[in-house]
Amino acid sequence: MHKSGAIIRTLLATLAVLAVAGQDRAHADALVVDLSNHLVAITTGFTGTDVLLFGAVQNEGDVIVTVRGPDQDMVVRRKERKVGIWVNSESATFRNVPAYYASASNRPMEIIANSQLYNDYRIGLEHQRFVTEIDDKDRNSSDYRDALLRNMRAAGLFNQRPAKISFLSNQLFRTDIHFPANTPTGTYTINVYLIRDGRIASVKTTPLVVSKTGVSAEVYDFAHRYSALYGIIAVIIAVAAGWTASVMFRKR
């Protein structure tokens, strides 16, 4: 624990030096940002992890961080009760949906800037633009969008509310980005916004990769390369396991 704290202090001290050294640079250098790790390795026993984002600003201002996973298509279906059974009925398809989305801010976002700025820069879940295809003429697409956000929050892939960014001084800040056990793989985009007087003063973008490693990566790659063979092997293993269990129980 003490070792981790020492590392964080060292990183933040380095950022402070960089921030002071860059005071005479262009306006774009008013924000310095980095991650404690640019790779989240998902192994067989992966149960989730936190990545430290730290940075420094030249002058006072508010900081907002957004983390967006790779885009994907998602289908939301409405269930109906027919003859006593719940079945899927109409559905809506959403495109350009991030597989993961989280945000953080040092103050409540509603007092940092107005919704127009967030809409222009697509900051916050409510300002994401999804292409929607809906086959339910009796319902508004917002009902399906609300269901999509609710499902992703329940899965832990969209954060319920912005995380807290802590300023350790007038210049240095930090926040933890949590990645749950079911975090999808792919390249993530992390945007850090420096906002002053309700306007964007500087933006920094840094990538982060979530990737499977070890045995789980090999199994995942094999399953996608040879899906038919993988299915046959899975069935054989399931049958063999069932047969072995039945023999053992008979012996007892």
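Residues numbered from 1 in each chain as written. Predicted model: local features only at pLDDT ≥ 70, side-chain atom pairs only at ≥ 80, totals over all residues. Heavy atoms only, no water.

A. Representation of the sheet that holds strand β13 (residues 199-212). Pairing is mixed across the open sheet formed by six strands, whose spatial order is β2-β13-β12-β4-β7-β9. A single partner strand is all that each edge strand has here, and the edge strands are β2 (39-42) and β9 (163-164). Sheet topology note: the β2/β13 ladder contains four bridges and is parallel. Residue pairing for β13: Leu39 is matched across the bridge by Val209. (Pairing = 2+ DSSP bridges. Helix = DSSP H or I, 4+ residues; strand = E, 2+ residues; numbered from the N terminus.)

B. Region of interest: the packing of aromatic side chains. Enumeration according to the criterion identifies six aromatic pairs in this entry. Aromatic side chains Phe179 and Tyr188 sit 5.8 Å apart centroid to centroid with 80 degrees between the ring planes, which places their arrangement in the edge-to-face category. Grouping residues by exposure puts Phe179 and Tyr188 together as buried. A network of ring pairs unites the aromatic residues Tyr100, Phe179 and Tyr188 as a single cluster. (Phe/Tyr/Trp six-rings, centres within 6.5 Å; stacked < 30°, edge-to-face > 60°. Buried < 20%, exposed > 50% of the residue type's maximum accessible area, 1.4 Å probe, protein only.)

C. Focus on the pattern of salt bridges. Under the criterion given, the structure shown has five salt bridges. Of the charged contacts, one joins Arg107 and Asp62 as a salt bridge, the two residues approaching to 2.8 Å between their closest N and O atoms. A residue pair is termed long-range when its members are at least 10 positions apart, and Arg107 in the loop between β7 (101-105) and α2 (109-112) and Asp62 in strand β4 (residues 62-68) qualify at 45 residues. We classify Asp62 as buried; its relative accessible area is 11%. Residue Arg174 is joined to Asp176 by a salt bridge in which the shortest nitrogen-to-oxygen separation is 2.9 Å. (Salt bridge = Lys/Arg side-chain N within 4 Å of Asp/Glu carboxyl O.)

D. Seen up close, the sheet that holds strand β1 (residues 31-35). Spatially, the four strands line up as an open sheet ordered β1-β3-β11-β10, and their pairing is antiparallel. Of all strands in the sheet, those bounded by a partner on one side alone are β1 and β10 (166-167). Here five bridges tie β1 to strand β3 (residues 49-57), and the two strands are oriented antiparallel to one another. Paired with Asp34 across the bridge in β3 is Phe54.

E. Main features of the confidence of the model for the chain. Residues at a pLDDT of 70 or more form 68% of the chain, whose mean pLDDT is 80. Mean pLDDT across the elements of the chain bottoms out in helix α5 (residues 215-225) (50) and peaks in β7 (97). Note on residues 17-28: pLDDT under 50 across the span, and eleven contacts to partners over four residues away in sequence or across chains. (pLDDT = per-residue confidence, 0-100. Contact = heavy atoms within 4.5 Å.)

F. A look at the pairing of β13. As judged from the eleven bridges shared by strand β12 (residues 186-196) and β13, these two strands associate in the antiparallel manner. Bridging from a neighbouring strand, Gly186 pairs with Val210 of β13. The hairpin formed by β12 and β13 contains two residues between the paired strands, and Asp197 there has a positive phi angle of roughly 55 degrees.

G. Region of interest: helix α4 (residues 141-154). Under the 1.5 Å per step criterion, the end-to-end length of α4 is 20 Å for 14 residues, consistent within 8% with the ideal 20 Å. A positive phi of about 80 degrees marks Gly156, the residue just after α4. (Expected span 1.5 Å × (residues − 1).)

H. Region of interest: unusual backbone geometry. Here Asn96, not a glycine, exhibits a phi torsion of approximately 65 degrees, which is positive. Of note, Asn96 is situated in strand β6 (residues 85-98).

I. A look at the pairing of strand β11 (residues 172-179). Taking burial as the measure, the eight residues of β11 include six buried ones, the bulk of the element. Bridge analysis of β10 against β11 gives two bridges, and the strand direction is antiparallel. Each bridged residue has a counterpart across the sheet, and for Phe167 the counterpart in β11 is Phe173. Where β10 hands over to β11, the hairpin turn is made up of four residues, counted between the paired strands.

J. Main features of the side chain of Thr183. With respect to the element layout, Thr183 can be found in the loop between β11 and β12. Residue Thr183 is classed as buried on the basis of its relative accessible area, which comes to 4%. In this structure the side chain of Thr183 is engaged in a polar contact, spanning 2.6 Å, whose partner is the backbone oxygen of Pro180. When near neighbours in sequence (up to four residues on either side) are disregarded, Thr183 contacts Ile42, Leu157, Tyr188 and Val210. (Polar contact = N/O pair within 3.5 Å; in protein donor to acceptor, adjacent residues only side chain to side chain.)

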